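# Secondary and tertiary structure notes
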Amino acid sequence: KKLNLGFIDTDSEIEKKCKKKIPEIFKTHGEKYFRKKEEKIILNILSNNKSNILALGGGSFLNKKIQREILKKTISIWLKPSFNIIYKRCKNSYNRPLLKNNNNLKITLKEIIKDRYPVYSKANIKIEKNGKPIELCNTIIKKLNKENLFR
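Being a predicted model, the structure only gives us computed values, none of them experimental.

Here we take up the overall build of the chain. Scanning the chain from terminus to terminus reveals 7 helices and 4 strands. N-terminal to C-terminal, the α/β element order of the chain is β-α-α-α-β-α-β-α-α-β-α. Whereas a compact globule of 151 residues would reach a radius of gyration of roughly 15 Å, the chain reaches 16 Å, a difference of no more than 12%. Projected onto the principal axes, the alpha-carbon positions of the chain cover approximately 45 × 35 × 25 Å. Within the span of the chain, comprising 151 residues, buried residues form 32% of the whole. Taking all contacts inside the chain whose residues are at least 6 apart in sequence as the whole, residues at least 24 apart take part in 65%. By element, 50% of the accessible surface of the chain is carried by carbon and sulfur atoms, the whole surface being about 10500 Å². Taking the 37 positively charged and 14 negatively charged side chains of the chain as two groups, their mean positions are separated by 2 Å.

Set out below in structure tokens:
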């Protein structure tokens, strides 16, 4: 709202198009099917050339095609919360199929982080500050202005 841009949560878009929640898509069709749908939907959104804020699912940016288009066409921002915040968000979340049926969530999260952080670090802007949404929003706007990425 502060930037007067639309907002698209890509996971919500996938659920709308598939008419199923993400855990159900994983359970019924598997991760490979989900990733193909995710790729198609995100690339379609990126091809529209409309200015929006996109919230990507955690695995989206690992896809080389999605990553290439995001780095070419957008300003990418990596919100990097502390491990404790990630753990708190995930421990009671039932909407994360890759963490389902997990005996040691902390170890699994550390493995996922180890794999994903080098890829996430390609983002134009990295925000390592934890805080309330309005604080994060203000930090992002300051960084965008400082880097002359958005006016």
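From this point, the discussion proceeds with the structure in view.
On to the packing of helix H1 (residues 10-18) against helix H3 (residues 31-47). Between H1 and H3, whose axes approach to 10 Å, the crossing angle comes to 110°. With respect to each other, H1 and H3 are oriented roughly perpendicular. For the crossing formed where H1 meets H3, the hand is right-handed. On the side of H1, the interface is formed by Thr10, Asp11, Glu13, Ile14, Lys17 and Cys18, while H3 contributes Phe34, Lys37, Glu38, Ile41, Ile42 and Ile45. Each residue belonging to the contact of H1 with H3 can be placed in one class, and the counts come to 6 nonpolar, 1 polar and 5 charged.

For the coordinates displayed, the defined rule picks out 8 salt bridges. Among the salt bridges present, the one from Glu31 reaches Arg35, with a minimum N-O distance of 3.1 Å. Here Glu31 pairs with Arg35, and both are found in helix H3, just 4 residues apart, close to one helical turn. One network of salt bridges, in which partners are shared, links Glu31, Arg35 and Glu38.

For the rest of this paragraph, the subject is the side chain of Thr10. With respect to the secondary-structure elements, Thr10 resides in helix H1. When residues no more than four places from it in sequence are discounted, the contact partners of Thr10 are Ile42, Ile45, Ala55, Leu56, Gly57 and Ser60.

Let's shift gears to the packing of aromatic side chains. Inspection of every chain in the model, using the stated rule, returns 4 aromatic pairs. Ring centres of Trp78 and Tyr120 lie 5.7 Å apart, and the angle between their planes is 65°; this geometry places the pair in the edge-to-face category. In this pair, Trp78 sits in strand S3 (residues 77-79) while Tyr120 sits in helix H6 (residues 105-120), placing the two residues 42 residues apart along the sequence. Taking the relative accessible area as the measure of exposure, Trp78 reaches 10% and is therefore buried.

Cut-offs and rules
Residues numbered from 1 in each chain as written. Predicted model: local features only at pLDDT ≥ 70, side-chain atom pairs only at ≥ 80, totals over all residues. Heavy atoms only, no water. Helix = DSSP H or I, 4+ residues; strand = E, 2+ residues; numbered from the N terminus. Rg over C-alpha atoms; globule rule 2.2 N^0.38 Å. Buried < 20%, exposed > 50% of the residue type's maximum accessible area, 1.4 Å probe, protein only. Contact = heavy atoms within 4.5 Å. Areas by Shrake-Rupley, 256 points an atom, 1.4 Å probe, with all protein chains shown as cover. Lys, Arg positive; Asp, Glu negative; His and termini not counted. Charge placed at Lys NZ, Arg CZ, Asp CG, Glu CD. Axes fitted to C-alpha atoms, helices over the stretch in contact; angles between N-to-C directions. Parallel < 35°, antiparallel > 145°, perpendicular 65-115°, else oblique. Left-handed = near helix turned anticlockwise from the far one by under 90°. Nonpolar A, V, L, I, M, F, W, Y, C, P; charged D, E, K, R; others polar. Salt bridge = Lys/Arg side-chain N within 4 Å of Asp/Glu carboxyl O. Phe/Tyr/Trp six-rings, centres within 6.5 Å; stacked < 30°, edge-to-face > 60°.

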